[in-house]
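# A closer look at the structure
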Amino acid sequence: MNLKITRSKEYKDLLSAIKSQVRSSQIKAAIAVNQELLGLYWNLGKMVTVKQKKAAWGDGLIIQLSKDLSNEFPDMKGFSERNLFYIQKWYLFYSQSLKKLPQLVAVIEKSLKLPQAVAVNKKAGIHERILELITRIPWGHNREIITKCEDLQEAIFYVIESISNNWSRSMLVHQIEINLYKRKGKAITNFQLTLPKALSELAEETLKNSYNFDFLKLTAEIQELELEKALTDHIIKFLLELGAGFAFVGKQFHLDVGEEDFYLDLLFYHTKLHCYVVVELKTGKFIPEYAGKLNFYLSVVDDKLKSDKDQPSIGILICNTATE
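What counts and what doesn't
- Residues numbered from 1 in each chain as written.
- Predicted model: local features only at pLDDT ≥ 70, side-chain atom pairs only at ≥ 80, totals over all residues.
- Heavy atoms only, no water.
- Helix = DSSP H or I, 4+ residues; strand = E, 2+ residues; numbered from the N terminus.
- Expected span 1.5 Å × (residues − 1).
- Polar contact = N/O pair within 3.5 Å; in protein donor to acceptor, adjacent residues only side chain to side chain.
- Axes fitted to C-alpha atoms, helices over the stretch in contact; angles between N-to-C directions.
- Parallel < 35°, antiparallel > 145°, perpendicular 65-115°, else oblique.
- Left-handed = near helix turned anticlockwise from the far one by under 90°.
- Contact = heavy atoms within 4.5 Å.
- Nonpolar A, V, L, I, M, F, W, Y, C, P; charged D, E, K, R; others polar.
- Buried < 20%, exposed > 50% of the residue type's maximum accessible area, 1.4 Å probe, protein only.
- Pairing = 2+ DSSP bridges.
- Salt bridge = Lys/Arg side-chain N within 4 Å of Asp/Glu carboxyl O.
- Phe/Tyr/Trp six-rings, centres within 6.5 Å; stacked < 30°, edge-to-face > 60°.

A few words on helix 8 (residues 152–165). With 14 residues, helix 8 should cover 20 Å at 1.5 Å per step; its first-to-last C-alpha distance of 20 Å lies within 8% of that length. Looking at where helix 8 begins, the residue whose side-chain oxygen comes 3.3 Å from the main-chain nitrogen of Q153 is D151. Trailing helix 8 by a residue or two, N166 shows a phi angle of about 55°, which is positive.

So, in structure tokens, the structure goes:
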């Protein structure tokens, strides 16, 4: 270590500036991914809504799409039935409400300072403006807002407050529950969209959003993902070839816990032991968090899948390396 360099004020200022630039670039990238993902969700919601009206398929369309999309993109968790229903609800909430409250469009447009090309007074332009705003917050924030707010004006208020104050999802829920909208006079004020502060809770949640990571796997050639798939296929084949009662139930098996979606790497049922077997695969070395997560999965399987005749579920955690 060169103490002469590290102790100099000039170097410290340089290091601080570079760190700030890195954090800013990370947040910009995370926001871009989030906007692209939610843009996909918006179009998906629109396509489903249009097709339901024309074909009269009802909820069966979403159920079938969930199965087919999950099979095609098994690593993208946003295609569960629950999430697809939320996506359509989200699209309908804003697209239908905008027809009723056109006066909000001017407020949104002025706040966003969008270019004139986007600000054309047409239905598509209105949707582009609202989409520019609501895609600045993570999907989890959006789900909370549309399920807890009564109308568009209240929803927009909490979207703007989340961005302006860098709220985490838990803080957003708290503010809705204490009725900040009514206490603050229902005022939607002009604001300028800026990057979340580097250390803010909103930035943290945007950077670590699991939906964003799953979405990126659609196009990214990730070696670890390929390794996980190969390992998964090998473990399935190995356990089934044992011929000792292992029955394959599913890969990336969906569990619905409250408002959250979880996915088991592998789920088996042992016909001789009369219990479910949960297998979690990790390509890195063992860390205690993996065991805690596996225990959580076991408790959920016992609660939701196990019958009175079944024995408690068994968990198998497979890591690339053990602890040193």
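Past the structure itself, the notes keep going.
What follows deals with the packing of helix 2 (residues 9–55) against helix 3 (residues 60–72). It is the contact of helix 2 with helix 3, at a shortest axis distance of 10 Å, that shows an interaxial angle of 135°. One element, helix 2, and the other, helix 3, form an angle in the oblique class. For helix 2 against helix 3, the interelement crossing comes out right-handed. Of the residues in helix 3, those in contact with V48, K51 and Q52 of helix 2 are L61, I62 and L65. The class makeup of the residues in the contact of helix 2 with helix 3 is four nonpolar, one polar and one charged.

Here we come to the pairing of strand 2 (residues 260–270). Counting buried positions along strand 2 gives nine out of eleven residues, so the element sits mostly inside the fold. Examined bridge by bridge, strand 1 (residues 246–257) and strand 2 share ten bridges and lie antiparallel to one another. Across the sheet, the residue bridging to F246 is H270, located in strand 2.

Turning our attention to the pattern of salt bridges. Per the stated rule, a full pass over the model turns up four salt bridges. Across the pair D256 and R82 runs a salt bridge, and its minimum N-O distance is 2.7 Å. Of the two residues, D256 is situated in strand 1 and R82 in helix 4 (residues 81–100); the sequence distance between them amounts to 174 residues. The exposure class of D256 is partly exposed, given its relative accessible area of 26%. You can call R82 partly exposed: its relative accessible area is 22%. The partner of R136 in a salt bridge is E132, with the nearest N and O atoms 3.3 Å apart.

Glancing now at helix 2. Structurally, the α-helix is built with 3.6 residues per turn, so residues lying three or four positions apart point the same way. Under the 1.5 Å per step criterion, the end-to-end length of helix 2 is 69 Å for 47 residues, consistent within 8% with the ideal 69 Å. One or two positions beyond helix 2, positive phi appears at A56, with a value near 55°.

Applying the stated rule across the entire model yields 15 aromatic pairs. Ring geometry for F157 and Y158: centres 5.1 Å apart, planes at 80°, overall edge-to-face. Neither residue differs from the other here; F157 and Y158 are each classed as buried. Ring geometry for F248 versus F268: centroids 5.6 Å apart, planes at 65°, classification edge-to-face. A residue pair is termed long-range when its members are at least 10 positions apart, and F248 in strand 1 and F268 in strand 2 qualify at 20 residues. With relative accessibility at 39%, the residue F248 sits in the partly exposed group. Overall, F268 belongs to the buried group, its relative accessible area being 0%. Pairwise contacts between aromatic rings join Y41, W42, W90, Y91 and W139 into one cluster.

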